[in-house]
Amino acid sequence: RFILRAQLALPVAPAKTAPTQNHSLVGAKVLVIDDETLAREAVAGALRDLGADVHMAANEDEATRAIAAFTPALLIMDLRIDGELQGINIARRLTQALTPSPKTVVITGDTAADTLTLLRESGFAWLIKPVDPALLAQTAAEMVSSP
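Model, not experiment: these values are computed from the prediction. (Residues numbered from 1 in each chain as written. Predicted model: local features only at pLDDT ≥ 70, side-chain atom pairs only at ≥ 80, totals over all residues. Heavy atoms only, no water.)

Draft legend 1. Spatial organisation of the pairing of strand β3 (residues 74-78). Summarising burial for β3: 5 of the 5 residues are buried, a large majority. Of the two faces of β3, the one lined by Leu74, Ile76 and Asp78 and the one lined by Leu75 and Met77 are each fully buried. Note that strand β1 (residues 29-33) and β3 share 4 bridges and pair parallel. Bridging across to β3, Leu31 finds its partner in Leu75. As paired strands, β3 and strand β6 (residues 103-108) are joined by 5 bridges and run parallel to one another. Opposite Leu74, over in β6, you have Lys103 as the bridge partner. (Buried < 20%, exposed > 50% of the residue type's maximum accessible area, 1.4 Å probe, protein only. Helix = DSSP H or I, 4+ residues; strand = E, 2+ residues; numbered from the N terminus. Pairing = 2+ DSSP bridges.)

Draft legend 2. Expanded view of the sheet that holds strand β2 (residues 53-57). Spatial strand order, β2-β1-β3-β6-β7: 5 strands in an open sheet with parallel pairing. Unpaired on one side and paired on the other, β2 and β7 (125-128) mark the two borders of the sheet. Pairwise comparison of adjacent strand axes, ignoring direction, gives a mean angle of 20° for this sheet. Contacting β1 and β2, helix α2 (residues 60-69) crosses the sheet at an angle of about 165° to β1. (Axes fitted to C-alpha atoms, helices over the stretch in contact; angles between N-to-C directions. Contact = heavy atoms within 4.5 Å.)

Draft legend 3. The nonpolar core, seen in detail. Within the largest apolar cluster, 20 residues are counted, with the highest numbers of intra-cluster contacts made by Leu31, Ile33 and Leu94. Elements represented by at least two residues in this core include exactly β1, α2, β3, α3 (87-97) and α4 (113-122). Broken down by element, this core gets its largest block of residues, 4 residues, from α3. Discounting chain neighbours no more than four positions away, the residues touching Leu94 are Ile33, Ala63, Thr64, Ile67 and Leu75. Judged by nonpolar contacts, the second largest core, of 18 residues, contains Leu74, Val105, Ala140 and Met143. (Core = buried A, V, L, I, M, F, W, Y, C linked by side-chain atoms within 4.5 Å.)

Draft legend 4. Examining the side chain of Thr104 more closely. With respect to the helices and strands, Thr104 occurs in strand β6. Exposure remark for Thr104: the relative accessible area of 2% places this residue in the buried category.

Draft legend 5. Just unusual backbone geometry, in detail. Residue Pro100 is bonded to the preceding Thr99 through a cis peptide linkage, with omega at -5°. A cis amide bond links Lys129 to the next residue, Pro130, at an omega of -5°. Here Pro130 lies in the loop between β7 and α5 (133-145). The backbone phi angle of Asp82 is positive, close to 55°, even though this residue is not glycine. Position of Asp82 relative to the elements: it lies in the loop between β4 (80-81) and β5 (84-85). Under the relative-accessibility criterion, Asp82 is labelled exposed at 52%.

Draft legend 6. Focus on the layout of surface pockets. Here the largest pocket is characterised by a volume of approximately 200 Å³. Residue lining of the largest pocket: 15 residues in total, with Ala39, Ala42, Val43, Ile107 and Val131 positioned closest to the centre. Listed by contribution, the elements that provide at least two residues to the lining of the largest pocket are β1, α1 (37-49), β3 and α5. In terms of residue class, the lining of the largest pocket is built from 12 nonpolar, no polar and 3 charged. (1 Å grid on protein atoms, 1.4 Å probe; cavity = no way out; pocket = protein on both sides within 12 Å on 5 of 7 lines; lining within 4 Å. Points joined across faces, edges and corners; volume = space filled by probe spheres on them. Nonpolar A, V, L, I, M, F, W, Y, C, P; charged D, E, K, R; others polar.)

Listed below in structure tokens is the structure:
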């Protein structure tokens, strides 16, 4: 047998939250390239929820076939494809093949110093996994709305 004693708490006013921004991607054409199915589908789903027209590819061959019929305004590209750091090179080849060139966001979970240097030097925007959906939405919206 035991006794639990607790003080009554006064009600707390709800915290004031900052207004959320609406990161709409309605109609934006996006190609998501990631060799990991779950990661690819998660990113694509988050972008579709914002209204984007999303196509997916697991590798460069699939991406090349996709852009033959679909011209994306934005590429969301995993850095590591098939176990190698080839995402930046794939993104460069795809952006050179399209007119106008799509904006590109590279996503990676690799935070080694040399990888971060590679990302900085690439000239592409980049995000670190796990990617916060709000940050993904903000970054994608900024990329498709910039000239």
